[in-house]
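Each chain, written out:
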Amino acid sequence: MSEKVTLTIDGREIRAAAGGKLLWAALDNGIYIPNLCAVRERVRPAASCRLCFVEVEGSAAPVTACTQPVKDGLVVRTRSERVDRLVRSAFELLLSDHRLQCRECPANRSCGLQKIARERGLKLRLTRLKPLPKEAAIDESAAAFSFDRSRCVLCGRCIWVDREVAKVGAIGFTRRGLERTVTTFEDETLAESICNECGLCVHACPVGALYFKQPE
Amino acid sequence: MTAAAIEAQYAGLQKQAVAKTAVQKSKPLVRVGTATCGVAAGAIPVKEAFEKEIGSRGLDARVVEAGCMGHCYAEPLVVIDKPGFAPLCYGSVDGDLARRLVADFLAGDDPCYEFALAALEPNDVFPTFSEFPRGVCEEKIILERCGFIDPEAIDDYIARDGYAALAKALALPPEEVLAEIKAANLRGRGGAGFPAGVKWEAARGAGDGVKYVICNADEGDPGAFMDRSILESDPHQVIEGMIICAYCVGAAEGWLYIRAEYPRAVERIHTAIRQAREKGLLGQSILGSGFAFDLRVFQGSGAFVCGEETALVSSMEGKMGMPQTRPPFMAQSGFRGRPTVLNNVKTFSYVPHIVSRGADWFKGTGTPGTPGTAVFSLVGKVSHTGLVEVPMGTTLRRLIFDVGEGIPGGKKFKAAQIGGPSGGCLPEAALDVPIDFDSLRQAGAIMGSGGLVVLDEDDCMVAVARFFLEFTRHESCGKCTFCRLGTKHMLDILTEITGGRGNPASLEVLRELAEDVQAGSLCNLGRTAPNPILTTLRYFRDEYDAHIFEGRCPALMCKELIAYYILPKKCSKLCDACVGSCPVEAIFTRADGLKEIDQQKCVKCDNCRKACPPEHDAVVKLSPPSLLSGKEGVPK
């Protein structure tokens, strides 16, 4: 048994394995912190979605829970004016780059974005920002699933399972800035690539970017 | 090996170097500044003109290349050092002047004082740079040799006590050298100002295995060229600093990460490394001390974000140049997962000086919080652009008005953009802030690595903010939400405002987004990207309001908010300079012979305003364009 530490989240005392990250300690104890890109097994978190901000006593500014190691005596608040504001902004930024047609989306009601909206009382529409045009052809080449980049939030979870669990390495991030995308080597379709269509990436996708053609 | 033996070996090297340079000094010497700045201004043809003229006259004089003396406004710069005269520096030299100098000064004895900029040594005849207003303010430590030595001749460096600090350091225990760097409170000059000694100590304490020392020369701020000039002008200074660092932390391998857009710097560093190896200053048992260290060069592919240390290391490892979360910090796990010290070119450059002259000497310059000097590339609307080195704590006013000699053309100062795309725009009221890392952060800007762009009344602050956001949006690696999408939305809002389509609500969204991108981004590129917006909103809110509420650009810069107009009272029937200058035939001659602009056709290229002869000065810019009333072309 690994060593345990005791910390306080939102006034609740919690015991967690030493060396772990705060995000998982909270989620394991039923305390929700918004997240999209976090992968428990990942040693160095991507920390790219910027949704899991919390207040940690002693830190001048909110920190990301996925990178914060648990420590004895750590005092955490998952909500504050500053945290809520950052989460709201990061969430709306992601929505502005996401094809927002929930009713047509296969991930409707199982979507990570919808969960965040529900948990934090956020609107599933843009209130301050304009939608960024996002046109992308849907890759329907694989037999069992499709990939719609216009819904992708670039969390990278599909890439992680593809490489670390399936050990295939068919997909990865390419390009920079707004052009950053998940794709195959030389932008081949999934069927042309080395993808063996195991489908693990579809399960890893928190939104409706990767989805099975036949609902499971 | 004993300390005495190391110093004896160095003394031998220096003796050789001094002897070699002394022989050279007996002949007239022409030094042409051929750092990138000089080359861009035409230094290569000037150098060839000297060589050709000296050759055809059969004179016994040498022509060598040197680096950058920092007087960019007067490039190409040439120094002529003729026995019997004080070395003289000539500015804005061209082929004709080169031939004349050879004929009159080298072949004859007339130094052509009328073309000289300054003397380099005190004399009874001609003033030196130190007597310039700029010379009074400047205090050169790491730029001292720049432009005065041949960067491709290691003996020039050694003759001027180069590598003496290394010999001194190698004769001491590493802890003692490290203690001196720590005591000097040398703060990293890459922008963040983190104490170098603390970094080094952490890397030193990180076990006994393989460690790396990396020099960050991925300078990428628009308008900044400090690191490039130092690498091109005094490469051995950087190398010496890196070797001393490696000795302190126990590293055997070092890398210089230089962007590929700096081919001259890369070439000169390669030459310098080769020469240092030949002298036994790099490689196995440096100066016979038993300490081994060698250097390699990695050329960065030009992504701005690779100046961020985790992205830099990722790109060296063959991965995408994208930042990662910290910890682990470099000192624990950096390049190839090994303890790594990563410092800027300028930071390493201070090291030999601190080792030679001691921490107390270093702390005698600058502010208590930030000892030493600051190196700036002073550019923009300033008379004497250049590379300058002033003590920390110098005010912006002194830097711009004394060192830079003010704003050209009698224009009014508006702002100092300091720290590049991560920095901010400071107004007149902030000019008396003594510059150091902490004071600038308080003012909303950052020290950055030293870019300082002066803006005058013709610069629109909203457009300036937009320029920098366009840069950061383009350079965002796209990994994290705030930077990838936040910079895009902020840029879109700024584009609306400069295009006359802004509204008060979007200004509020801009402010909120700027604060959130600052607080929420993964790396410092994103965290500092909103600074140009936040500082212009803080100090120049009136300009945003003028764009949004009045459709007016106060600086008459935003094309969509201005109109060109020919003042009939000033226009002359006898002149049609503007008509020919217009690329779209928008200017026509009225029945009364005066010229007028067809506003429908005008593309606001500014050609007519430039073409109009100064005696008429009839073309003006108006903002908002509604000043042109319904009547064609007549202002209200």
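The structure we're discussing is the one just above.
Rules of the game
- Residues numbered from 1 in each chain as written.
- Chains lettered and ligands numbered in written order.
- Predicted model: local features only at pLDDT ≥ 70, side-chain atom pairs only at ≥ 80, totals over all residues.
- Heavy atoms only, no water.
- Buried < 20%, exposed > 50% of the residue type's maximum accessible area, 1.4 Å probe, protein only.
- Helix = DSSP H or I, 4+ residues; strand = E, 2+ residues; numbered from the N terminus.
- Pairing = 2+ DSSP bridges.
- Right-handed = clockwise from strand over helix to strand, strands pointing away.
- Phe/Tyr/Trp six-rings, centres within 6.5 Å; stacked < 30°, edge-to-face > 60°.
- Lys NZ or Arg CZ within 6 Å of the ring centre and 35° of its normal.
- Axes fitted to C-alpha atoms, helices over the stretch in contact; angles between N-to-C directions.
- Parallel < 35°, antiparallel > 145°, perpendicular 65-115°, else oblique.
- Contact = heavy atoms within 4.5 Å.
- Nonpolar A, V, L, I, M, F, W, Y, C, P; charged D, E, K, R; others polar.
- Buried area = accessible area lost by both parts, 1.4 Å probe.
- Salt bridge = Lys/Arg side-chain N within 4 Å of Asp/Glu carboxyl O.

Chemist: Before we move on, can you summarise the pairing of strand 7 (residues 253-259) of chain B with the specific residues and values?
Modeler: Residue and element names in this part refer to chain B. Most of strand 7 is tucked away, with six of its seven residues classed as buried. In terms of strand pairing, strand 7 meets strand 8 (residues 294-300) through seven bridges, oriented parallel. Residue tyrosine 257 lies in a different strand from strand 8, and its bridge partner there is phenylalanine 298. For the crossover from strand 7 across helix 12 (residues 263-278) to strand 8, the handedness is right-handed.

Chemist: Give me the lowdown on the packing of aromatic side chains, citing residues and values where you can.
Modeler: One pass over the structure, following the stated rule, counts 16 aromatic pairs over all chains. Clustering of aromatic rings is evident, with ring pairs tying together B:Tyr212, B:Trp255, B:Tyr257, B:Phe298 and B:Phe335. Over the face of the ring belonging to A:Phe173 we find A:Arg180, whose NZ or CZ atom lies 3.6 Å from the ring centre. Positioned above the aromatic ring of B:Tyr350, the side-chain terminus of B:Arg189 is 4.6 Å from the ring centre.

Chemist: If you had to explain the packing of helix 8 (residues 174-183) of chain B against helix 9 (residues 196-204) of chain B to someone new, which residues and values would you point to?
Modeler: Residue and element names in this part refer to chain B. Running from amino to carboxyl end, helix 8 crosses helix 9 at an angle of 150°, the nearest separation of the two axes being 8 Å. Of the possible angle classes, the one that applies to helix 8 and helix 9 is roughly antiparallel. Between helix 8 and helix 9, the residues in contact are Pro174, Glu175, Leu178, Ile181 and Lys182 and Gly197, Val198, Trp200, Glu201 and Arg204, respectively. Here the contact of helix 8 with helix 9 is built from residues that sort into five nonpolar, one polar and four charged.

Chemist: Tell me about the interface of chain A and chain B, and please be specific about residues and values.
Modeler: Listed per partner, the contact involves 30 residues of chain A and 38 residues of chain B. Carbon and sulfur atoms supply 56% of the area buried between chain A and chain B, which totals about 2800 Å² over both sides. Of all residues in chain A, A:Arg44, A:Leu93 and A:Arg176 bury the most surface against chain B, accounting for 25% of the area lost on that side. On the surface where chain A and chain B come into contact, there are five salt bridges. Between A:Arg128 and B:Glu512 there is a salt bridge; the shortest N-O distance is 2.5 Å. At the level of elements, helix 2 (81-96) and strand 7 (171-174) of chain A are the ones that each hand at least two residues to the side of chain A that touches chain B. Looking at the side of chain A that touches chain B element by element, the count peaks at seven residues for helix 2 of chain A. Each residue belonging to the side of chain A that touches chain B can be placed in one class, and the counts come to 15 nonpolar, six polar and nine charged.

Chemist: Summarise the sheet that holds strand 1 (residues 4-9) of chain A; cite the residues concerned and give the values.
Modeler: Residue and element names in this part refer to chain A. One open sheet accounts for five strands, arranged 2-1-5-3-4; its pairing is mixed. Each of the sheet's edge strands pairs with one partner strand only, and the pair in question is strand 2 (12-17) and strand 4 (63-64). Pairing between strand 3 (residues 53-56) and strand 5 (residues 75-77): two bridges, direction antiparallel. Opposite glutamate 55, over in strand 5, you have arginine 77 as the bridge partner.

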